[in-house]
Amino acid sequence: MRVEYGHANRLPESNISTQFKFNVTACEPYQTFQVAFNTDNPQNILIELPMPTLSQFLQQHLAEHQLPAELGSVVSTIVQACQTISGQVRQGALAGVLGEAGSSNVQDEAQKKLDVIANQILIDSLSTNPAVAGLASEEEEQFVSINEQGRYLVLFDPLDGSSNIDINISVGTIFSILEKPAGPLSTQSFLQSGRAQVASGYTLYGPQTQLVLCLSHGVAVFTLDAGGQFVQTQLNPKIPQATREFAINMSNQRHWQPPMQQYIAELLAGETGPRGKNYNMRWVASMVAEIHRILMRGGIFMYPKDARDPAKPGKLRLMYEANPLSLIIEQAGGTSTNARESMLDIQPEGLHQRVAVIMGSREEVDYATRLHQQ
Ligand code: AHG
Ligand code: MN
Ligand code: MN
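All of these numbers come straight from a predicted model, not from anything done at the bench. (Residues numbered from 1 in each chain as written. Chains lettered and ligands numbered in written order. Predicted model: local features only at pLDDT ≥ 70, side-chain atom pairs only at ≥ 80, totals over all residues. Heavy atoms only, no water.)

Caption draft 1: Focus on the coordination of the manganese ion (ligand 2). Those donors, Asp157 (OD), Asp160 (OD) and Glu321 (OE), are the protein atoms that reach the manganese ion (ligand 2), and they lie 1.8 to 2.1 Å from it. Mapped onto the polypeptide sequence, the residues donating to the manganese ion (ligand 2) form the spacing pattern D-x2-D-x160-E. (Donors = N, O, S within 2.8 Å, 3.2 Å for Na, K, Ca; no water.)

In structure tokens, the structure reads:
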């Protein structure tokens, strides 16, 4: 006889022998264990653990790792805002939120209506939390001061993948939480390396709305249920070290530097080339969706430096995209670099700083990074 642990609902009801189905009281945070025989596999006993909600997870996780309750409150505030954003994204044309806003952000990118709406929802929510000292957003030129006595700084990309909004393809919200250094709040307060992040996460508005959260002690994945609750559906996903899948915008190939040209040429050469295996390619054009795919099944994601604009070392932003997602990738066993050094060790110089990105399965990221160092 073998005992398996799993989540409630993992077996179809018809597979559970009701004759033996009963609940026993167990310790916190799980209220009950359900013990059942799987009729497809009667020699196995399945002990089913009810899936914790986000608030149950936070309560348990903060206590286990002795993290401040205020950090949990900031995470909860961000997640509430993301739920509101999710509602707007789902409504789409029905709520009149699709299309261009008719404005540009500090990076001279045309804003979509939902970029502006998501940004405002996050600012409004975070402004009500006294633990938030200030925030910085991809869509705001300067940081926004909230409560000088607050302990935390929140940085976010309110809507990532905005070119996909109007075509009903996955988009997301990415966030990063830092401790506020002592003294008056200034831009400098935010310019901390990715390693200093106390938490990061993203919400993916895809076929399911999912939250991926990291408080620097592993990665938890939650799915928004029909009742509006985030329920933990996965704990500590592990990114395979090796992969056969890469993600890059191939249309920029002619602009890349020689090491990236060589790396991609080697992947395209397949099993008769130097890497000795065939690779598949994916490009969603929402970084948050690419990183979620890599978290679930491995892969390498790249947005390299290219020759188009010497002032821009890459397209993606260090503080709102690369750092928060790199923390999650590292905690899940992957790695992340700017082709020269570990992403999380970069000392930021500006709030809207851009960076070259190579992240995902360790074997590929290390190989691509090594090519840049030769
Ligand atoms: P954002 O919508 O926040 O500006 O970010 C879009 C980013 C990223 O999500 C994605 O990987 C990349 O831009 C897509 O770039 P291409 O347009 O070159 O495909
Ligand atoms: Mn983005
Ligand atoms: Mn964005």
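Caption draft 2: Main features of the coordination of the manganese ion (ligand 3). Bound to the manganese ion (ligand 3) are the protein donor atoms Glu138 (OE), Asp157 (OD) and Leu159 (O), situated 2.2 to 2.3 Å from the metal. Each donor residue of the manganese ion (ligand 3) belongs to the same chain, with the gaps between them written as E-x18-D-x1-L. The two metals, the manganese ion (ligand 3) and the manganese ion (ligand 2), are separated by 3.7 Å and share Asp157 as a common coordinating residue. Each of the two residues, Asp157 as well as Leu159, counts as buried. (Buried < 20%, exposed > 50% of the residue type's maximum accessible area, 1.4 Å probe, protein only.)

Caption draft 3: Quick look at the nonpolar core. Core analysis: the biggest nonpolar cluster contains 41 residues, and Tyr202, Phe301 and Val357 have the highest contact counts within it. With eight residues, the single largest contributor to this core is helix α7 (residues 318-331). Setting aside anything within four residues of it in sequence, one finds Val357 in contact with Met287, Phe301, Met302, Tyr303, Pro304, Leu316, Ala322, Thr337 and Met343. Counting 39 residues, the second-largest nonpolar core is a separate cluster that includes Leu71, Val97, Phe156 and Tyr205. (Core = buried A, V, L, I, M, F, W, Y, C linked by side-chain atoms within 4.5 Å. Helix = DSSP H or I, 4+ residues; strand = E, 2+ residues; numbered from the N terminus. Contact = heavy atoms within 4.5 Å.)

Caption draft 4: The arrangement of the pattern of salt bridges in detail. Evaluated as defined, the whole model comprises 15 salt bridges. The salt bridge partner of Arg151 is Glu70, with a shortest N-O separation of 3.5 Å. With a gap of 81 residues between them, Arg151 in the loop between β8 (144-145) and β9 (152-160) and Glu70 in helix α2 (residues 69-91) connect regions that are remote in the sequence. The partner of Asp345 in a salt bridge is Arg195, with the nearest N and O atoms 3.0 Å apart. (Salt bridge = Lys/Arg side-chain N within 4 Å of Asp/Glu carboxyl O.)

Caption draft 5: Local environment of the side chain of Asn164. Mapping Asn164 onto the fold places it in the loop between β9 and β10 (171-179). A relative accessible area of 5% places Asn164 in the buried class. Within the structure, the side chain of Asn164 is placed 2.8 Å from the side chain of Ser286, a separation counted as a polar contact. (Polar contact = N/O pair within 3.5 Å; in protein donor to acceptor, adjacent residues only side chain to side chain.)

Caption draft 6: Representation of the site of ligand 1 within the structure. Neighbouring residues of ligand 1: 17 residues in total, closest Asp160, Ser162, Asn249, Met287 and Tyr303. At a separation of 2.9 Å, an oxygen atom of ligand 1 approaches a polar side-chain atom of Trp283. When ligand 1 sits alone it has 480 Å² of accessible area, and the protein chains cover 86% of it. Tallying contributions element by element places β9 first for the shell around ligand 1, with three residues. Classifying every residue of the shell around ligand 1 gives seven nonpolar, four polar and six charged. (Near = heavy atom within 4 Å. Areas by Shrake-Rupley, 256 points an atom, 1.4 Å probe, with all protein chains shown as cover. Nonpolar A, V, L, I, M, F, W, Y, C, P; charged D, E, K, R; others polar.)

Caption draft 7: Structural detail: the packing of helix α6 (residues 287-297) against α7. Across the interface, α6 lies against α7 with an axial gap of 11 Å and an inter-helix angle of 10 degrees. In terms of orientation, α6 and α7 fall into the roughly parallel class. Facing Met287, Ile291, Ile294 and Leu295 of α6, the residues of α7 in contact are Glu321, Leu325, Ile328 and Ile329. In the contact of α6 with α7, the residues fall into seven nonpolar, no polar and one charged. (Axes fitted to C-alpha atoms, helices over the stretch in contact; angles between N-to-C directions. Parallel < 35°, antiparallel > 145°, perpendicular 65-115°, else oblique.)

Caption draft 8: Local environment of helix α5 (residues 258-268). By the burial criterion, the buried members of α5 are Pro259, Met260, Tyr263, Ile264, Glu266 and Leu267. Summarising the axial view, the buried residues of α5 lie within an arc of 155 degrees, below the 170-degree limit, and thus occupy one face. Pointing more than 90 degrees away from the buried face of α5 are the exposed residues Pro258 and Leu268. Those residues of α5 that are buried are in contact with β15 (245-247), β17 (300-303), β21 (357-360) and α8 (362-373). Immediately downstream of α5, the backbone of Gly270 shows phi near 65 degrees, a positive value. (Arc of directions from axis to C-beta.)

Caption draft 9: The layout of surface pockets, seen in detail. In this structure, the largest pocket occupies an estimated 500 Å³ of space. Gly161, Ser162, Ser163, Lys315 and Arg317 are, among the 27 residues lining the largest pocket, the residues nearest its centre. Listed by contribution, the elements that provide at least two residues to the lining of the largest pocket are β6 (110-112), β9, α6, β17 and β18 (316-317). Of the residues in the lining of the largest pocket, the class split is eight nonpolar, seven polar and 12 charged. Taken as a whole, the second largest pocket spans an internal volume of roughly 300 Å³. Lining the second largest pocket are 18 residues, and of these Lys305, Pro313, Asn338, Arg340 and Ala356 lie nearest its centre. (1 Å grid on protein atoms, 1.4 Å probe; cavity = no way out; pocket = protein on both sides within 12 Å on 5 of 7 lines; lining within 4 Å. Points joined across faces, edges and corners; volume = space filled by probe spheres on them.)

Caption draft 10: Structural context of the pairing of strand β11 (residues 199-205). Across the seven residues that make up β11, a large majority, seven, are buried. Of the two faces of β11, both are covered, the one formed by Ala199, Gly201, Thr203 and Tyr205 as well as the one formed by Ser200, Tyr202 and Leu204. As paired strands, β10 and β11 are joined by seven bridges and run antiparallel to one another. Note on β11: the bridge partner recorded for Ile174 is Tyr202. The sheet contact formed by β11 and strand β12 (residues 209-214) spans six bridges and is antiparallel. Counterpart to Ser200 in the pairing with β12 is Cys214. Counting the residues that bridge the hairpin from β11 to β12 gives three residues. (Pairing = 2+ DSSP bridges.)

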